[in-house]
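Chain by chain, the residues run as shown.
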Amino acid sequence: MAQRKGCLIGCGVVLVLGIGAVVALLFGIGKVVDAAGKTMIDPAVYRAVNVGDPEDAVRAKMPSGETFMKDALKSGGPAVPEGSACSWYVSSEAAPSGGETVFRFCFKDGKLAEKTEYPLK
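What comes next concerns the included structure. From a predicted model like this one, the values you see are computed outputs, not experimental measurements.

### What about the overall build of the protein chain?
Moving on, step 1. Scanning the protein chain from N- to C-terminus turns up four helices and four strands.
Moving on, step 2. Listing the helices and strands of the protein chain from first to last along the sequence gives α-β-α-α-α-β-β-β.
Moving on, step 3. For the protein chain, buried positions account for 24% of its 121 residues.

Right under this line is the structure:
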């Protein structure tokens, strides 16, 4: 009888831990999907904006871009223009080479100062 109670308690603990692991996995997947949504834009958006456009108008066409993936998108790109604030995004379409394309938008004095695209490394 004592062994049965021990087995039931052990099985209950394993079940609770298993459910907790599944919840954590789903939460983690949700965070990655959310981050991807904040960093992806359509190439048409990149083509539609021009250097000199007002910063507010350009940013209104894009998601926030603020995620933990930001540092990875910065690597491999050209130097940030001095005195500018930049945002990085991933193209929502695959590049012809099969990789990912990064779109960088740099703003200075309330205007789009530079837009650059380069392959994700």
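### Focus: the state of the cysteines
Moving on, step 1. All told, the structure shown has one disulfide when counted by the stated rule.
Moving on, step 2. Disulfide pairing is shown between Cys86 and Cys106; the S-S distance is 2.0 Å. On the sign convention where negative means left-handed, the S-S torsion of about 105 degrees between Cys86 and Cys106 marks this disulfide as right-handed. Of this pair, Cys86 sits in strand E2 (residues 85-91) while Cys106 sits in strand E3 (residues 101-108), and the two are 20 residues apart along the sequence.
Moving on, step 3. Given a relative accessible area of 0%, Cys106 falls into the buried group.

### Notes on the sheet that holds strand E4 (residues 111-119)
Moving on, step 1. The mixed open sheet is built from four strands, whose spatial order is E1-E2-E3-E4. Single-partner strands in this sheet number two, and they are strand E1 (40-41) and E4.
Moving on, step 2. Of the strand pairs in this sheet, E3 and E4 are connected by eight bridges, and their pairing is antiparallel. Bridging across to E4, Phe103 finds its partner in Glu117.

### Section: the nonpolar core
Moving on, step 1. In this structure, Ile41, Tyr46, Val49, Val58, Met62, Tyr89, Phe103, Phe105, Phe107 and Leu112 together form the largest nonpolar core, which totals ten residues.
Moving on, step 2. A per-element tally of this core places E3 first, with three residues.
Moving on, step 3. Core analysis: the next-biggest nonpolar cluster, separate from the first, contains seven residues, Cys86, Trp88, Val90 and Cys106 among them.

### A look at unusual backbone geometry
Moving on, step 1. Backbone geometry at Asp109 places phi at a positive 55 degrees, although glycine is not the residue there.
Moving on, step 2. Looking at the element boundaries, Asp109 is found in the loop between E3 and E4.

### Examining the pattern of salt bridges
Moving on, step 1. Applying the stated rule across the entire model yields two salt bridges.
Moving on, step 2. Linking Arg59 and Glu55 is a salt bridge whose minimum nitrogen-to-oxygen distance equals 2.8 Å. Residue Arg59 and its partner Glu55 are located together in helix H3 (residues 55-59), separated by four residues, close to a single helical turn.
Moving on, step 3. Among the salt bridges present, the one from Arg104 reaches Glu114, with a minimum N-O distance of 2.3 Å.

Rules used throughout
Residues numbered from 1 in each chain as written. Predicted model: local features only at pLDDT ≥ 70, side-chain atom pairs only at ≥ 80, totals over all residues. Heavy atoms only, no water. Helix = DSSP H or I, 4+ residues; strand = E, 2+ residues; numbered from the N terminus. Buried < 20%, exposed > 50% of the residue type's maximum accessible area, 1.4 Å probe, protein only. Disulfide = S-S within 2.5 Å. Pairing = 2+ DSSP bridges. Core = buried A, V, L, I, M, F, W, Y, C linked by side-chain atoms within 4.5 Å. Salt bridge = Lys/Arg side-chain N within 4 Å of Asp/Glu carboxyl O.

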